[in-house]
Amino acid sequence: MNAYTPIVAARRPEVEFRKGESLRLQPIRAFKAVSRLMADKEDTAAVFDLMRALSGKSVSKGYARLMSTSAGGRIAYERDELNDRLMDRAWLESFAPGTVGAAYLAHMDERGFTADGLKQISEETLDSQVEAAHPLTWYGRRLRDVHDIWHVLSGYRTDALGEACLVAFSYQQTRSLGFGVIAFAAGNKLGSTKNGQPYKAAIREAHRNGKACAWLPAVDYPQLFAEDLEAARARLGIRPARIYQSIPPELRDGVFTAPTTH
């Protein structure tokens, strides 16, 4: 049955939010971060730096939307820490073949990823507040920790095009400007390959797919992991990544170098 109890982290540092619980936009910092990312798509620290620079009110608005959903109040009250859940190997191995949970574990094992990898990099970001004891930082951690789950649900892999598509998809889900900037910049760089592949069309399709499906931050992920993957995609209205899948895997990195680490 894959039963679970909420995992709540204790004794986190406190944080104070100001100006309507938003973070000041930092365009110069964002420009430097996206420049680093376009030079090295494996620079995950640049992603977190960019997201910190451009998050603005997106986190507070997302949390308010979560609280307005039928299950969101319970999810926010339980304040389950997804990272801790996703680092529980025994729990992940308890899911039957074909389920979201089994697909997630296969995705992570194939690439040598762990949920702690993103957690550690996010904690190292300059003036990061993500580990603080505050409802908004809990919600920020939730958005961080669903990244690879959304890879599995959306069908986008971790090549350069897959990551660009997923951030376009994620922009529609979170309205975080950082995701939009990465998708735009990556689309331009991939488009410069000039090999006839529809890179920009794939990213635009991902943008539409993110808009058309259910609002994924409100999903109960421990319950979702027990569902059949294809049934879950259908229930959530996640459309197939047809244009992305039409591009040969060996061409999905475009002018970027081949992927190495998470």
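In case you missed it, the structure is sitting above this.
Values in this document were obtained by computation on a predicted structure and should not be read as measured data.

Peer 1: Any chance you could explain helix 7 (residues 100-111) here in plain terms?
Peer 2: Side chains of residues three or four places apart in an α-helix project in the same direction, reflecting 3.6 residues per turn. With twelve residues, helix 7 extends 17 Å from end C-alpha to end C-alpha; this agrees with the ideal 16 Å at 1.5 Å per step. Where helix 7 is buried, its residues meet helix 5 (82-86), helix 6 (89-93), helix 8 (115-124), helix 10 (147-154), helix 14 (221-224) and helix 15 (229-236). Where helix 7 ends, the next residue or the one after it, Gly112, has phi of about 70°, a positive value.

Peer 1: How do you make sense of the pattern of salt bridges when you look at a structure like this?
Peer 2: Pairs can form between side chains of opposite charge whenever their charged atoms are close. What the rule picks out here adds up to 18 salt bridges. Put simply, Glu81 and Arg141 hold a salt bridge, and the shortest N to O gap is 2.9 Å. Taken together, the residues Glu81 in the loop between helix 4 (72-78) and helix 5 and Arg141 in helix 9 (residues 135-145) connect sequence positions 60 residues apart. Take Arg141: its relative accessible area is 2%, and that puts it in the buried class. For the salt bridge of Glu131 with Arg144, the shortest nitrogen-to-oxygen distance reads 3.0 Å. In this pair, Glu131 sits in the loop between helix 8 and helix 9 while Arg144 sits in helix 9, placing the two residues 13 residues apart along the sequence. No difference in accessibility class separates Glu131 from Arg144, as the two residues are buried.

Peer 1: What is the right way to read the packing of aromatic side chains from this model?
Peer 2: Two descriptors summarise a pair of aromatic rings, namely the distance from one centre to the other and the angle between the planes of the rings. Counted under the stated rule, the structure contains eight aromatic pairs. With a centroid separation of 4.9 Å and 85° between ring planes, the pair formed by Trp91 and Phe95 is classed as edge-to-face. Just as Trp91 is buried, Phe95 falls in that class too. Ring centres 6.4 Å apart and planes at 70° place the aromatic pair Trp150 and Phe169 in the edge-to-face group. Separated by 19 residues along the polypeptide, Trp150 in helix 10 and Phe169 in helix 11 (residues 160-174) bring together distant segments of the chain. Here Trp150 falls in the buried class, since its relative accessible area comes to 3%. Since its relative accessible area comes to 0%, Phe169 is described here as buried. Three or more aromatic residues joined by ring pairs form one cluster here, namely Trp91, Phe95, Tyr104 and Phe225.

Peer 1: Would you mind going over the packing of helix 2 (residues 44-54) against helix 12 (residues 177-191) with me for this structure?
Peer 2: If you want to describe how two helices pack, look at the angle between their axes and the distance between the axes. For the pair helix 2 and helix 12, interaxial distance at closest approach is 7 Å and the crossing angle is 130°. What the angle tells us is that helix 2 and helix 12 run oblique. Residue-level inspection shows Val47, Leu50, Met51 and Leu54 of helix 2 in contact with helix 12, the latter providing Leu177, Gly178, Phe179, Val181 and Ile182. Per-class residue counts for the contact of helix 2 with helix 12 are eight nonpolar, one polar and no charged.

Peer 1: Explanation requested: the nonpolar core in the structure shown.
Peer 2: Looking at soluble globular proteins, one finds that nonpolar side chains tend to be buried together. In this structure, Leu50, Leu161, Cys165, Leu190, Ile203 and Tyr244 are the most contacted members of the largest nonpolar core, which totals 32 residues. Mapped onto this core, the elements with two or more residues apiece are helix 1 (27-39), helix 2, helix 11, helix 12 and helix 13 (199-212). When sequence neighbours within four positions are dropped, the list of residues in contact with Tyr244 reads Gly155, Tyr156, Arg157, Asp159, Leu161, Gly162, Cys165, Ala202, Glu205 and Arg252. One finds Trp150, Leu166, Tyr221 and Leu236 within the second-largest nonpolar core, a separate group that totals 28 residues.

Peer 1: In this structure, what is going on with helix 1? I would like to understand it.
Peer 2: Its 13 residues place the ends of helix 1 18 Å apart at the C-alpha level, agreeing with the 18 Å of an ideal helix rising 1.5 Å per residue. As for helix 1, its buried residues are in contact with helix 2 and helix 12.

Peer 1: Please clarify how a positive patch on the surface should be interpreted in this entry.
Peer 2: Together, Lys194, Lys200, Arg204, Arg208 and Arg239 make up a region of like positive charge exposed at the surface. You can see Lys200 is positioned in helix 13.

Peer 1: How should the environment of Leu92 be read in this particular structure?
Peer 2: Along the polypeptide, Leu92 turns up in helix 6. Here Leu92 falls in the buried class, since its relative accessible area comes to 5%. Remark: the alpha-carbon pair of Leu92 and Ala106, spanning 14 residues in sequence, is separated by 9.8 Å. Leu92 has contacts with Leu86, Tyr104, Leu105 and Phe225, leaving out every residue within four places of it along the chain.

About the criteria used
- Per chain, residues are indexed from 1 in the order of the written sequence.
- Owing to the predicted nature of the model, reporting of local features is limited to residues with pLDDT of at least 70; listing and counting of side-chain atom pairs is limited to 80 or more, with chain, interface and lining totals taken over all residues.
- The side-chain figures draw on all heavy atoms in the structure; neither hydrogens nor water molecules are used.
- Numbered from the N terminus, helices here are DSSP runs of H or I no shorter than four residues, and strands are runs of E no shorter than two.
- Between the first and last residue of a helix there are one fewer steps than residues, each counted as 1.5 Å, and that sum is the expected span.
- Contacts between residues were defined by any pair of non-hydrogen atoms, one from each residue, lying within 4.5 Å.
- Here a salt bridge means any side-chain nitrogen of Lys or Arg lying within 4 Å of a carboxyl oxygen belonging to Asp or Glu.
- Buried, partly exposed and exposed residues are distinguished by accessible area as a fraction of the type maximum, computed with a 1.4 Å probe on protein chains only: under 20%, between the cut-offs, and over 50%, respectively.
- For Phe, Tyr and Trp, where Trp contributes only its six-membered ring, two rings pair if their centres lie within 6.5 Å, and the inter-plane angle classes them as stacked under 30 degrees, edge-to-face over 60, or tilted in between.
- Here, axes are lines fitted to C-alpha atoms. For helices the fit covers the stretch in contact, and angles between N-to-C directions go from 0 to 180 degrees.
- Relative orientations are named as follows: roughly parallel for angles under 35 degrees, roughly antiparallel for angles over 145 degrees, roughly perpendicular for angles from 65 to 115 degrees, and oblique for any other angle.
- Gly is placed with the polar residues, together with every amino acid not listed as nonpolar (Ala, Val, Leu, Ile, Met, Phe, Trp, Tyr, Cys and Pro) or charged (Asp, Glu, Lys and Arg).
- Among buried residues, those of type Ala, Val, Leu, Ile, Met, Phe, Trp, Tyr and Cys that are joined through side-chain atoms within 4.5 Å constitute a nonpolar core.
- Within the patch definition used here, like charges are joined within 9 Å and nonpolar side chains (Val, Leu, Ile, Met, Phe, Trp, Tyr) within 5 Å, considering only residues with over 30% relative accessible area and no salt bridge.
- Note on areas: these come from Shrake-Rupley sampling with a 1.4 Å probe, and a residue is covered only by the protein chains present in the view.
- Under the counting rule used here, the positive set is Lys and Arg, the negative set is Asp and Glu, and His together with the chain ends is not counted.
- A single reference atom marks each charge: NZ on Lys, CZ on Arg, CG on Asp, CD on Glu.

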